[in-house]
Amino acid sequence: MTDKQFDEAAKEILSSPEMKKSKKFVQHGKVSVYSHSLAVAKYSVRFAGKMGIKVDYRSLVRGALLHDFFLYDWHDDWDKLHGFKHPRIALENAKKRFKLNKKEREIIRKHMWPMTFINIPLCREAWLVCIIDKYCSMLETLKISKYNDL
Ligand SMILES: [Fe+2]
Ligand SMILES: [Fe+2]
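Remember, predicted model here, so these are calculated numbers, not experimental data.

Caption draft 1: Layout of the overall build of the protein. When helices and strands are counted, the protein shows seven helices and two strands. Order of helices (α) and strands (β) in the protein, N terminus to C terminus: α-α-β-β-α-α-α-α-α. Expected size for 150 residues packed as a compact globule is a radius of gyration near 15 Å; at 14 Å, the protein falls within 12% of this value. Taken over the C-alpha atoms alone, the protein extends approximately 40 × 35 × 30 Å along its principal axes. Taking all contacts inside the protein whose residues are at least 6 apart in sequence as the whole, residues at least 24 apart take part in 62%.

Caption draft 2: Region of interest: the packing of helix H3 (residues 33-51) against helix H4 (residues 57-66). Where H3 meets H4, the closest approach of the two axes is 8 Å, and the angle between their N-to-C directions is 150 degrees. Viewed along their axes, H3 and H4 adopt a mutual orientation that is roughly antiparallel. Of the two possible hands of crossing, H3 and H4 adopt the one that is right-handed. Listed contacts from H4 to Ser37, Leu38, Val40, Ala41, Ser44, Val45 and Ala48 of H3 are Tyr57, Leu60, Val61, Ala64 and Leu65. A breakdown of the residues in the contact of H3 with H4 according to their chemical character gives ten nonpolar, two polar and no charged.

Caption draft 3: Fine view of the environment of Gly29. Relative to the elements of secondary structure, Gly29 occurs in the loop between strand S1 (26-28) and strand S2 (31-32). Residue Gly29 is classed as partly exposed on the basis of its C-beta count, with 14 C-beta atoms lying within 10 Å. In the structure, Gly29 is positioned 116 residues away from Ser145 in sequence and 9.9 Å away in space, judged by C-alpha atoms. When sequence neighbours within four positions are dropped, the list of residues in contact with Gly29 reads Glu140, Thr141 and Lys143.

Caption draft 4: Representation of the packing of helix H6 (residues 102-110) against helix H7 (residues 124-141) within the structure. Packing of H6 against H7 brings their axes to within 8 Å, and their N-to-C directions diverge by 30 degrees. Crossing of H6 over H7 shows right-handed handedness. Between H6 and H7, the residues in contact are Lys103, Glu106, Ile107 and Lys110 and Glu125, Ala126, Val129 and Cys130, respectively. Grouping the constituent residues of the contact of H6 with H7 by class yields four nonpolar, no polar and four charged.

Caption draft 5: Inspection of the nonpolar core at higher detail. Grouped together as the largest cluster of nonpolar side chains are 31 residues, with contacts concentrated most on Val40, Ala41, Val61, Ala64, Leu65 and Val129. For this core, the elements supplying multiple residues, two or more each, are helix H1 (3-14), H3, H4, helix H5 (82-97), H6 and H7. With sequence-adjacent residues up to four places away left out, Leu65 is seen in contact with Ala10, Ile13, Leu14, Ser37, Leu38 and Ala41.

Caption draft 6: Local environment of H7. For H7, which comprises 18 residues, the first-to-last C-alpha distance of 26 Å matches the rise-based estimate of 26 Å (1.5 Å per residue) to within 8%. Burial in H7 covers these residues: Glu125, Ala126, Trp127, Leu128, Val129, Cys130, Ile132, Asp133, Cys136 and Glu140. Lys143, located one to two residues past H7, shows a positive phi value of around 60 degrees.

Rules used in this analysis
Residues numbered from 1 in each chain as written. Chains lettered and ligands numbered in written order. Predicted model: local features only at pLDDT ≥ 70, side-chain atom pairs only at ≥ 80, totals over all residues. Helix = DSSP H or I, 4+ residues; strand = E, 2+ residues; numbered from the N terminus. Rg over C-alpha atoms; globule rule 2.2 N^0.38 Å. Contact = placed C-beta atoms within 7 Å. Axes fitted to C-alpha atoms, helices over the stretch in contact; angles between N-to-C directions. Parallel < 35°, antiparallel > 145°, perpendicular 65-115°, else oblique. Left-handed = near helix turned anticlockwise from the far one by under 90°. Nonpolar A, V, L, I, M, F, W, Y, C, P; charged D, E, K, R; others polar. Buried ≥ 20, exposed ≤ 12 C-beta atoms within 10 Å, placed from the backbone. Core = buried A, V, L, I, M, F, W, Y, C linked by C-beta atoms within 7 Å. Expected span 1.5 Å × (residues − 1).

Laid out in structure tokens, this is it:
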């Protein structure tokens, strides 16, 4: 997928007011939910390309960008169940705002597996985001993420 194709697939979501607002919500360390979601989308695309995994790139980008579309700062009201609950909340919000296909819904709903143990990812795109999300979260928590080049 070229950068131009990525931008084309991401445009509707990245330009939404809700997504812009997520620049103010902290995900891990100093990284916002917006930067985290963008990083997960870009790294997922790169990984699929490098490994030669056949995916629906448009759905991969859109699902990855929306996987944490829960729209609150989870540090404000500390909720130890945030990890379990937010995929469902993100999906509800995303469904209200965008027209999503099956793969995009699957990516959002299943990205916290194995924490949400019965929600096993059922397509390649959802598996990719599930894994890359954990990789990016680790980089952010250890404060070694370099997202400036994205
Ligand atoms: Fe998440
Ligand atoms: Fe995430």
